Amino acid sequence: MRKGLFLFSRRAGKDRQEDISLAKKEKEKKARRTMIGGQALMEGVMMRGQHSMAMAVRTPDGGIELETQRLSGGKWYRKVPVVRGVVSFVSSLITGMRTLMRSAEVSSPDEETPGKGWMAFAVVLGVLLAVGLFILLPGFLNDLILGKAVGLDGRVGHKTAILLESLFEGVLRIVIFVLYLFIVSRMKDIRRTFMYHGAEHRTINCYEKGWEMTVENVQKCSTRHNRCGTTFLFFVMVVSILVFALARWALGYIPLGSKTWADNRLILTGARLVLLPVVAGLSFELLRGLALLPDNAFTTVLRAPGLALQRLTTYPPQDDMAEVALKSFLAVLAMDADPSIPPVKFGEHRMADVRKEGETALRAYGLDEREAAAETDWMLCHTLTVRRNELRGVQTVYAGHYKRFTDLLTRRIAGEPLDYILGESEFFGHKLKVNESVLVPRMETELLAEETIKEIGEREARVLDLCTGSGCVALAVAKATRAHVVAADISEKALEVARDNLRGQNAQTVLSDMFASIEGTFDVIVCNPPYIRTADIQNLSPEVRRQPMTALDGGDDGLAFYRRIQQDYREKLNAGGVLLLEIGYDQAEAVRALFGAERTRIVKDLDGNDRVAVIKE
């Protein structure tokens, strides 16, 4: 008995926990449902939250521009049922037109955009066309068909006639509305806007599902949503049937000569226009209420017509459209959560966002967190022409700088070495120019320069730097010693870089295939030859493979250039001279065998790998 009670208690406790968990999930889901809405723009999407609004627009060059703003606090009338719907409807008209104009300025900067006067005229014209198309035309057709053909004119005071005419006029209004949407959806530009509408819905649906906010997840979601403006307009059509029928019934009690106010089309139309805000307010409450209600058979039936109509106003977006909607949505989400985030205008970008964008892209490319942060900072320093410690004082990155930064970022995640992108590298405490004609100087090579400087000491030695590339070793030696340096390379383009880096130093450059064109003898010969095995090159990182193959490929066993050096170096090295070579981590024994183990000293780098061979005569 006690065991049974215990099991029952455990089961009941488990059920209670599950109920609490479900209630919590439903509460979170409801909170997500009421947070953010949006609107499609010209090549963009606007998202509006509780305290902020953001517009993201795709520019002609493929970038995304963002504009955000803080919204004023909720007024008392925004909490009053029906009234808040009217305010929201009017506000949406004004905001919608303004944001459309702003998006047009960004998406088509070369085209002349109308001023505020034209914008106001467009709003008025749009309202007049809507009244004519959805109020006057259905009324005219209703009078023509039911009044003349069916013979109900003169019987408007009769309840059945009023109901019949109101229903018929409402159906006409809905048919005209659907035909209008169908026709405009065939237009190319409108269809693209409807695709952005689909991107807006998919993004909001992704958030409400609690999924990670990525383009991939967004594209898995539905293009239809319960709070869509299309559904709202459908509800307006439906609610207007009831409201306009009641108005017509009430006007039938006010005499006008031998008839009533309800018989006068002008008065009837005026009354309907006056009642439009009420219709909008009631439709808003219906839309809001259905969106908040849980999914069930009843709500599914009520939502179905509006969702079906959205097939005409939302289309599956492309990935780049989903990316635009996501950028706008995340900006609003961040600003609603953090009141300290300042708004930005088109062409402005918050430094924190730019940094995050760079680090995220580089992490996805394969860099670790520290490397991604550092490379992002160096690209920003290069773009903004500031030192790294000065980045903290930069709050806003403007359009031109942002474009240059994203161009650099694109090159980097395509596998181009950061040093090529920046056009410079640091070696042995010195900055030097680099480009795709030379190897990017490596930290390990600094050990070669350090050992060379030690061997030279205070002497006014003659030094030959073979395979000089950028001239990094030659520069380090020339700056640290009294030596005269000859920097040689087989590549004229590489020597152009070396000449720039060695300008003003006690050094000269020579075009030579190893020792072939070298004149005279030297006290010290230093070389960082190609030493990577041919078969291993395909396994190198993209950054290394982008560098000159002639400076990397050391033949089948990686020792081809060491053999050439071993054959000729004695003719160019003075008695008592020293030869220094950078070597691969597993080449020490092979190099010892080539140059003589008794005359070869191997120096290890900071990682404990064999790195430099010092050969003394």
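Conventions adopted
Per-chain numbering applies: the sequence of each chain, read as written, is numbered from 1 onward. A pLDDT threshold of at least 70 governs which residues receive local features in this predicted model, and a stricter bar of 80 or more applies before side-chain atom pairs are shown or counted, although totals over entire chains, interfaces and linings include all residues. Side-chain measures here rest on the full set of heavy atoms in the structure, leaving out hydrogens and waters. Comment: elements are numbered from the N terminus, with helices defined as DSSP H or I runs of at least four residues and strands as E runs of at least two. Expected helix span is taken as 1.5 Å per residue step, with the number of steps being one fewer than the number of residues. Bend, in this description, refers to the angle at a residue between axes fitted to the seven residues ending there and the seven starting there. Only protein chains enter the calculation, and the probe is 1.4 Å; a residue is then buried if its accessible area is under 20% of its type maximum, exposed if over 50%, and partly exposed in between. The set of buried Ala, Val, Leu, Ile, Met, Phe, Trp, Tyr and Cys residues whose side-chain atoms join them within 4.5 Å is what this entry labels a nonpolar core. Whether two residues touch is decided by their heavy atoms; if any such pair falls within 4.5 Å, the residues are in contact. Two strands form a pair only when DSSP identifies at least two bridges running between them. The handedness of a crossover follows from its direction of travel: if, with the strands pointing away from the viewer, the path from the first strand over the helix to the second runs clockwise, the crossover is right-handed.

Draft legend 1. Representation of helix H9 (residues 297-309) within the structure. Its 13 residues place the ends of H9 19 Å apart at the C-alpha level, agreeing with the 18 Å of an ideal helix rising 1.5 Å per residue. Largest kink in H9: about 40°, centred on Arg303, with the proline Pro305 one to four residues after it. Burial in H9 covers these residues: Thr299, Arg303, Gly306 and Leu309.

Draft legend 2. Structural view of the nonpolar core. Within the largest apolar cluster, 33 residues are counted, with the highest numbers of intra-cluster contacts made by Phe427, Ile456, Val463, Val473 and Leu580. Looking at this core, the elements that each hand over two or more residues are helix H15 (445-456), helix H16 (472-480), strand S12 (484-489), helix H17 (492-502), strand S14 (522-527), strand S15 (573-582) and strand S17 (610-616). For Phe427, the residues in contact, after removing those within four places along its chain, are Leu432, Pro441, Arg442, Thr445, Glu446, Ala449, Cys472, Val473 and Ala476. Core analysis: the second largest hydrophobic core is formed by 28 residues, Ala54, Ala56, Met195 and Tyr207 among them.

Draft legend 3. Structural context of the environment of Lys431. Residue placement: Lys431 occurs in strand S10 (residues 430-433). Measuring from C-alpha to C-alpha, the distance between Lys431 and Cys472 comes to 9.2 Å, with 41 residues separating the pair along the chain. Once residues within four sequence positions are removed from consideration, Lys431 is found in contact with Glu424, Ser425 and Glu426.

Draft legend 4. Seen up close, the pairing of S12. For S12, the tally of buried residues reaches 5 of 6 residues, placing the bulk of the element in the interior. In terms of strand pairing, strand S11 (residues 462-466) meets S12 through 4 bridges, oriented parallel. Looking at the pairing, Val463 lines up with Val485 of S12. Since S11 and S12 lie parallel, the crossover through H16 that links them has a hand, and here it is right-handed.

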